[in-house]
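# Analysis of the macromolecular model
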2 protein chains.
Amino acid sequence: MSAKIFLVGIGPGQAEHITHCAQAAIERASIVIGHPDNLAQIAHMARGKEIITINQNPLERSRAAVEKALNGQDVVIVSSGDPGIYAIAATFLDYLRQQNLMIETEIVPGLGLAVYASARLGAALGSDSASISLCDQNTPWTTICRRLSAAISADFVMVIYNPFGKLGATRLEEAIALIQQERHLNTPVGVLSQASTPDEKLLLTTLGELPKLTLPTDTLIIIGNSQSYVYGNYMITPRLYKENIGY
Amino acid sequence: MSAKIFLVGIGPGQAEHITHCAQAAIERASIVIGHPDNLAQIAHMARGKEIITINQNPLERSRAAVEKALNGQDVVIVSSGDPGIYAIAATFLDYLRQQNLMIETEIVPGLGLAVYASARLGAALGSDSASISLCDQNTPWTTICRRLSAAISADFVMVIYNPFGKLGATRLEEAIALIQQERHLNTPVGVLSQASTPDEKLLLTTLGELPKLTLPTDTLIIIGNSQSYVYGNYMITPRLYKENIGY
């Protein structure tokens, strides 16, 4: 009889942002699988367990987890941020489907990078927002551009994931050019690089200044909507409560 | 000298989904402010502290927190989910701006309702997504409809917050009618009601069936994109990893 697989989100990195539920799942499992960086972040929870570390390949992580679970062992695959947001969950569940397997799987959500960035900025995601990854083999660039244009025209706050990927800066440059056509150059933009590492860097800038920055690969960008503003060090997208009316 | 204010996300409700950081902030403060439901969820962390409970009014919570901080006491305002997503952070920071006050404020992020729902469903948010609140005094209905249309046409996964608000079912009916014009009626739809309460209900349905459901006010709806599918009890929006190519 097969055991259970947990896909566990450990948040942006610092142990303080992990949930009790995620910690409990890691502590319960006998095998922990993950990217070396993520395993390092939860090493103190995984002591004494079998560790399988696989660099950069979620499909191999899925295979290893299934093999162990079919052998009757409870397995955790750890994922940075939330496992469901541009991370392991879709790849893993699709792998089960392709193999025509049904193994009990629990997704344990974690603090995603965007809410972490928004909190560091203030209230950047206060209103309707659209999340777009610039690099995704499963989504053609034409579809991504269509999503950029739709989000721009409907005044969504925009969260840009994977601005560089393996493709360099070309896509980000093209995306910024599109956005600059319709939004004011002084629109607030928040940039979070190397989140939750000792090199974490938070920048509050504008749409006009954004192309001039040199950014590391590991960067998330939040572009404000037409109502976003800066107060002190905070980037705020209003979603206001009005007395006697409500939200 | 004023003290510090923490806006703390406690996640969808169960104590197991709170982060260590959020718990520490609550335990450190001498005053805890919040909605009665949220205070009940973290009662064991707030024992012995001054409790200020204010029903339904985030502006009054903001005022109370500022008053206490100006008196030199560290204050926490607790928020369900994440304080930045359709919650207290924007209202609070805007209140500071209106009062021309600068009080040290830290936003402690929490597990948002959408990632919790997506995890319960499987991998509903696996690709690009748009979050839209159907009821928000700060956003005219015409703008909300424009956002719905943009998200539909660009094939975003759609997260519908506040489908009823104080306005009843009319807006949701209108939104579903819009979506049905462009997406297949068998598009998977995930519905999470009364999250993290003993009455939590998770439904996996289709766009065609959605209008036939009777739903409680406290509901979040995730509508799949053209690639979303169901396998077993899972709703999956693929974001696939391809060997030798990557994501």
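Above this text is the structure in question.
So, here's what we can say about the structure. All residue numbers here refer to positions counted from 1 along the written sequence of the relevant chain. Here every chain gets a letter starting at A, and every ligand a number starting at 1, in the order they are written. Restriction of local features to residues with pLDDT of at least 70 applies here, the model being predicted, together with a cutoff of 80 or more for giving and counting side-chain atom pairs; totals for whole chains, interfaces and linings are based on all residues. The basis for every side-chain value is the complete set of heavy atoms in the structure, and neither hydrogens nor water enter the calculation.

### Looking at the packing of helix α6 (residues 141-153) of chain A against helix α7 (residues 170-182) of chain A
Describing two packed helices takes the angle between their axes plus the distance from one axis to the other. Residue and element names in this part refer to chain A. At a closest axis distance of 10 Å, the pairing of α6 and α7 adopts a crossing angle of 30°. Accordingly, the angle class assigned to the pair α6 and α7 is roughly parallel. Relative to α7, the crossing made by α6 is right-handed. Touching W141, I144, C145, L148, S149, I152 and S153 of α6 are R171, E174, A175, L178, I179 and E182, all from α7. Here, axes are lines fitted to C-alpha atoms. For helices the fit covers the stretch in contact, and angles between N-to-C directions go from 0 to 180 degrees. For helices the rule is a DSSP run of H or I covering at least 4 residues; for strands it is a run of E covering at least 2, with both sets numbered from the N terminus onward. Should an angle fall under 35 degrees it is called roughly parallel, over 145 degrees roughly antiparallel, and 65 to 115 degrees roughly perpendicular, with every other angle called oblique. Each crossing gets its handedness from the near helix: less than a right angle anticlockwise from the far helix is left-handed, clockwise is right-handed. Two residues qualify as a contact provided that any one of their heavy atoms is within 4.5 Å of a heavy atom in the partner residue.

### Section: the environment of A:G232
Residues and elements named next belong to chain A. In this fold, G232 is placed in the loop between β12 (229-231) and β13 (234-236). Exposure categories follow from relative accessible area, calculated using a 1.4 Å probe and restricted to protein chains: below 20% of the type maximum is buried, above 50% is exposed, and the middle band is partly exposed. Residue G232 is classed as partly exposed on the basis of its relative accessible area, which comes to 43%. Residues G232 and L93 lie 139 residues apart in sequence; the distance between their C-alpha atoms is 44 Å.

### Here we look at helix α4 (residues 88-98) of chain B
The element α4(B) is largely enclosed, with a buried count of 9 among its 11 residues. Taken as a whole, α4(B) has its buried residues at B:I88, B:A89, B:A90, B:T91, B:F92, B:L93, B:D94, B:Y95 and B:L96.

### Overview of the sheet that holds strand β12 (residues 229-231) of chain B
Residues and elements named next belong to chain B. Strands sit in the order β6-β13-β12 across an open sheet of 3 strands; the sheet is mixed. In this open sheet, the two edge strands, each paired with only one partner strand, are β6 (122-123) and β12. We call two strands paired when DSSP finds no fewer than two bridges between them. Note that β12 and strand β13 (residues 234-236) share 3 bridges and pair antiparallel. Bridge assignment links Y229 to a residue of β13, and that residue is I236.

### Some thoughts on the relation of the copies chain A and chain B
When chain A is fitted to chain B, the best match, at an RMSD of 0.0 Å, comes from turning it 180° and sliding it 0.0 Å along the axis. The superposition of one copy onto the other is thereby described by a two-fold rotation axis. Comparing interface residues between copies, 100% of those in chain A also sit at the interface in chain B, which points to an isologous, same-surface contact. Least-squares superposition aligns the copies on the C-alpha atoms of those residues with pLDDT at or above 70 in both.

### As for the pattern of salt bridges
A carboxyl oxygen of Asp or Glu within 4 Å of a side-chain nitrogen of Lys or Arg is what we treat as a salt bridge. Under the counting rule described, the total for this entry stands at 18 salt bridges over all chains. A salt bridge links B:D128 to A:R147; the shortest N-O distance between them is 2.9 Å. Of this pair, B:D128 sits in the loop between β6 and β7 (129-133) while A:R147 is found in helix α6, placing the two residues in two different chains. For the residue pair B:D128 and A:R147, the accessibility class agrees, reading buried in each case.

### Examining the nonpolar core
Membership of the largest hydrophobic core comes to 52 residues, with the highest contact counts inside it found for A:L134, A:L148, A:M158, A:I221, B:L134, B:L148 and B:M158. With residues up to four places along the chain from it excluded, the contact list for A:L134 reads A:W141, A:I144, A:L148, A:I160, A:Y161, A:N162, A:P163, A:R171, A:L172 and A:A175. Here the nonpolar core consists of buried residues drawn from Ala, Val, Leu, Ile, Met, Phe, Trp, Tyr and Cys, with membership extended through side-chain atoms lying within 4.5 Å.

### Structural notes on the pairing of strand β9 (residues 188-193) of chain A
Residues and elements named next belong to chain A. Within β9, 6 of the 6 residues are buried, leaving the element largely enclosed by the surrounding structure. Of the two faces of β9, both are covered, the one formed by P188, G190 and L192 as well as the one formed by V189, V191 and S193. Both β9 and strand β10 (residues 201-206) contribute to a ladder of 6 bridges, which runs antiparallel. Counted as the bridge partner of V189 is T205 from β10. Bridge count between β9 and strand β11 (residues 219-223): 5 bridges; the pairing is antiparallel. If you follow L192 over to β11, its bridge partner there is L220.

### Thoughts on the packing of aromatic side chains
All names here are of chain A. Two rings from Phe, Tyr or Trp (for Trp, the six-membered ring) form a pair when their centres are within 6.5 Å of each other. A pair whose planes differ by under 30 degrees is stacked, one over 60 is edge-to-face, and the rest are tilted. Applying the stated rule across the entire model yields 2 aromatic pairs over all chains. Considering the side-chain rings of Y86 and Y161, the 4.5 Å spacing of their centres and the 55° angle between planes classify their relative orientation as tilted. Taken together, the residues Y86 in the loop between β4 (75-79) and α4 (88-98) and Y161 in strand β8 (residues 157-161) connect sequence positions 75 residues apart. What makes Y86 buried here is its relative accessible area of 10%. Using a relative accessible area of 9% as the deciding quantity, one classes Y161 as buried.

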